[in-house]
Amino acid sequence: MKSRTLKRHFAEAFKSLGRNGWMSFASVSAVTVTLLLVGVFLVVLLNLNHLASQIEGDVEIRAYIDRTTKQTEYNDLQQKMEQIPNVNEVKFQSKEDGLQELIKSLGDEGKAFSSLKNENPLPDAFIIKTKKPQDTSTVASEIEKYDHIKKVDYGQGTVERLFKVTGVARNVGLVLIVGLIFTAMFLISNTIKLTILSRRKEIEIMKLVGATNGFIRWPYFIEGFVLGLTGAVIPILVVVFGYEFLHGQVNNQLDTVFVKLLPVYPMVLQLSVMLAVIGGLIGIWGSMTSVRKFLKV
Amino acid sequence: MIEMKDVWKTYPNGVMALNGIDIYIDKGEFVYVVGPSGAGKSTFVKCMYREEKPTKGSILIQGTDLAKLRERHIPKMRRKIGVIFQDFKLLPKLNVYENVAFALEVIEETPKVIRQRVMEVLDLVGLKNKARSFPDELSGGEQQRVSIARSIVNHPPVIIADEPTGNLDPETAWEIMDIFKQINERGTTVVMATHNKDIVNSFKKRVIAIEGGRIVRDEQKGEYGYEV
Ligand SMILES: Nc1ncnc2c1ncn2[C@@H]1O[C@H](COP(=O)(O)OP(=O)(O)OP(=O)(O)O)[C@@H](O)[C@H]1O
Ligand SMILES: [Mg+2]
C-alpha cells in the first residue's frame, strides 16, 4: 500500500465518523458506559486485593526456643530455617526485645509488666517471614519438628480462615472482571455492528467498483479504533481524577488504621493505559467482525 | 473481448434467468441489449462483471474466465469494466466528487491526477456545479450521470450500462448518448441494456434481443423491435 493511500484511509475514516454522527455517538457512548464500569470495578478490586495483601503480609511465624539451647545451636537453627525453600527471612528476637515489644503493644496495661524485666518469663524467639503468606502453615509445621523448638505460633486457625476468605474474594473478583469485560465486548461490538450493518450497501458498492477487501477494511479499522479510544476518554478521566479525590478523602480517615488504599500513582496510569487498550481493541474487533460479513460480494 | 459460452443462471429462488447464452462481442463494439422486462437483460450484464456468478458456462473477458477467477483477482477485473448500474449504486455518504474519485482511489492514483480527471468527467456529464452535493440531494437523472462519470473516469476498456437513460428526459438521454458515442469512438467497448426505442432506432448499432433468458435476435445495425 502506498503512503498516500494510508493517508486517504485516515481521512476517509474521520470523514465517515463525522458523517455518521449519531451512529458514532452511539458507539462511543456504549464504549464509555462499559469502560466506566470496568474502570470503577477495577479500582475497587485492586484496592481490595491490596488490602488483603496488607493483612496477609502481617502474618508471621514465631518460633520460641527452649531455654536450654546453646549459642551455637541457635546459629544452626537459624541456618536451617533460612534454608527452607519458602522462607524469606528469619529474624532473631531476644527475650528482652520480646518483652519490650509486648509492653509496648499493651500500652498502659503493659507498664505492669515492667517489673518482670529482671526475671523475664519469655523465651528467645525466631520470627520467620515466608515468601508467600499462604505458605505460613506448612513452614510452621516444618519448623515445629526441629529440636530445641518449644512452641510455634502464627495465629493458627485464624490465619487459615483469613487466607480462605482472601482467596475466595480474589477468585470472585477475577470472575466478575472477566465477565464484565466480556459483557463490554458484546455490548460494544453489537453497537458497532449496528452502525456498520447500516453500511452493508456501501461495502457492496465499493466491491462492485473494484475495491479490494483490504482497501475497504482499512478505514473501518481506523474508525473502530478511534471509536473505542474516544470511548475510553471519559472513563480514564473519571478513574484518574475520581481516584485521586477518593484517595485523599479516605486516607485522611484511615490515618490511624494500619491499612492504606493503593497509592494513586502508578495505579491510575496503568489503569488508563489498560482502559485505552481495551477500548481500542474492542473498537477494532467490533468493526472488523462486522465488516468481514459483508466482504463476500 | 467478451465471450459467453453456454451460460446459464438460475437464482437461488429457482428463477431461471439465463438459459444457454452464447455471444461474442468484439473490442470497440457498441451493443444494445433489448427485450421485455424480466427477460434477463440485467442478469446478462451482471454476469459480465461478476455481480452474479453463472450457474453453468464460461465467460471470458480479455481471455480470462470469470467463472474460474479467484476471489482476490475479482477487484482487478472489475476495474477494467466501468459499470453504470440500473439503481446507480452511489455511495450515500460521499458527495458527487468523492463518489467519482473513489474509482480512482482504489487504483491508488495520485491526488493530483484524481482531481484533474474527476473534474474532467464531471464537466463531461455536466455536473461540475454539483460536485459537493450528496446523492440524496440529486434528481434521478443527475444520479445517473454521476454513475456514468464514475464508470468512465478510469478509462476502462469496457463500459456496461444497465438502462442508463431510464430516468432521463429525451433531451438529457441524448446528451448521455453523446457521451457514450464519444467514449466508443475512443475505442471503448460499450454494452448497453435499454428500453429506449428512439435511441436504438436512430443511433443504429448491433442489437441483441433477449427473451426468457435466451438470445432471440442478434443483428448489426438492428432495430429495437418491440412496441413501447
Ligand atoms: N437477485 C435475484 N433473485 C432472484 N430472482 C431474480 C434476481 N434478479 C432477477 N431475478 C429474476 O430474474 C429474471 C430476470 O431478471 P432481470 O433483472 O435480469 O430482468 P431484466 O431483463 O433486466 O428486466 P428489466 O427490463 O425490468 O430491468 C426476472 O424474472 C427476475 O425476477
Ligand atoms: Mg434490468
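Per chain, residues are indexed from 1 in the order of the written sequence. The naming scheme follows written order: chains are lettered A onward, ligands numbered 1 onward. Note on the predicted model: pLDDT of at least 70 is required for a residue's local features to be given, and 80 or more for side-chain atom pairs to be given and counted; whole-chain, interface and lining totals, by contrast, use all residues. Water and hydrogen atoms were dropped before computing side-chain values, which therefore reflect all heavy atoms in the structure.

This part covers the overall build of chain A. Only DSSP runs of H or I reaching four residues or more are called helices, and only runs of E reaching two or more are called strands; each is numbered from the N terminus. The helix and strand tally for chain A stands at 9 helices and 4 strands. Each helix and strand of chain A, placed in order from N terminus to C terminus, yields the pattern α-α-β-α-β-α-β-α-β-α-α-α-α. This radius of gyration counts C-alpha atoms alone. The globule rule is 2.2 Å times how many residues there are, raised to the power 0.38. Relative to its length of 297 residues, chain A is extended, with a C-alpha radius of gyration of 30 Å against a globular reference of 19 Å. Dimensions of chain A, computed from the C-alpha atoms along their principal axes, are close to 100 × 40 × 35 Å.

Once that is clear, we can look at the overall build of chain B. Regarding its fold elements, chain B presents 7 helices and 10 strands. At 17 Å, chain B has a C-alpha radius of gyration in line with the 17 Å of a compact globule built from 228 residues. Its C-alpha atoms give chain B principal-axis dimensions of about 45 × 40 × 35 Å. Residue burial in chain B is summarised as follows: out of 228 residues, 56% are buried. In what follows, residue pairs with any heavy atoms lying within 4.5 Å of each other are defined as contacts. Across chain B, the fraction of contacts at a sequence separation of at least 24, relative to all contacts at a separation of at least 6, is 67%. Think of it in three bands: residues with accessible area under 20% of the maximum for their type are buried, residues over 50% are exposed, and the middle band is partly exposed, with areas taken using a 1.4 Å probe on protein chains only.

The subject of this paragraph is the interface of chain A and chain B. Across the boundary between the two partners, chain A contributes 20 residues, which contact 25 residues of chain B. Take the accessible area each of two parts loses on contact, using a 1.4 Å probe, and add the two losses: that sum is the buried area. Together chain A and chain B conceal approximately 2,100 Å² of surface at their shared face, both sides included; 60% is due to carbon and sulfur atoms. Among the residues of chain A in contact with chain B, Arg19(A), Leu208(A) and Val209(A) are the three that bury the most area, contributing 31% of the side total. By salt bridge we mean one thing: a side-chain nitrogen of Lys or Arg within 4 Å of a carboxyl oxygen of Asp or Glu. Between Lys15(A) and Glu98(B) there is a salt bridge whose closest N-O contact spans 3.0 Å. For the purposes of these results, a polar contact is taken to be a pair of N or O atoms within 3.5 Å, where, inside protein, one atom must be able to donate a hydrogen and its partner to accept one; residues adjacent in sequence count only when each atom of the pair is a side-chain atom. The interface formed by chain A and chain B includes 10 residue pairs in polar contact (both at pLDDT 80 or more). Contributing elements (two or more residues each) for the side of chain A that touches chain B: α1 (3-19) and α7 (200-208) of chain A. Top contributing element to the side of chain A that touches chain B by residue count: α1(A), with 6 residues.

Residue and element names in this part refer to chain B. Among the nonpolar cores identified, the biggest contains 59 residues, and Tyr 32, Phe 102, Leu 122 and Phe 180 are the most heavily contacted of them. Not counting residues within four places of it along the chain, the set of residues in contact with Leu 122 comprises Val 96, Tyr 97, Val 100, Leu 127, Lys 128, Ala 131 and Ala 149. Core analysis: the next-biggest nonpolar cluster, separate from the first, contains 32 residues, Met 4, Val 33, Ile 59 and Ala 193 among them. Here the nonpolar core consists of buried residues drawn from Ala, Val, Leu, Ile, Met, Phe, Trp, Tyr and Cys, with membership extended through side-chain atoms lying within 4.5 Å.

Cis geometry marks the peptide bond from Tyr265(A) to Pro266(A), where omega comes out at 5°. On the secondary structure map, Pro266(A) appears in helix α9 (residues 264-294). We note that Asp6(B) has phi near 50°; this positive angle belongs to a residue other than glycine. Structurally, the position occupied by Asp6(B) is in strand β1 (residues 2-10). Judged by its relative accessible area of 31%, Asp6(B) is partly exposed.

Residues and elements named next belong to chain B. Around the magnesium ion (ligand 2), the protein contributes the donor atoms Ser 42 (OG) and Gln 86 (OE1), which lie 1.8 to 2.5 Å from the metal centre. In this pair, Ser 42 is assigned in helix α1 (residues 41-48) and Gln 86 in the loop between β6 (81-84) and α3 (96-105), connecting sequence segments 44 residues apart. Accessibility expressed as a relative area gives 19% for Ser 42, which makes it buried. For Gln 86, a relative accessible area of 37% puts it in the partly exposed group. Atoms of type N, O and S within 2.8 Å of a metal are treated as its donors, and for Na, K and Ca the window is 3.2 Å; water is not considered, so some sites may appear to be missing partners.

The sites that UniProt annotates as "domain: ABC transporter" (unreviewed entry) are residues 2-228 of chain B. Strand forms 26% of residues 2-228 of chain B and helix 32%; the C-alpha atoms that close the span are 30 Å apart. UniProt positions are given in the numbering used here, feature names are shortened, and annotations may be inferred rather than shown by experiment.

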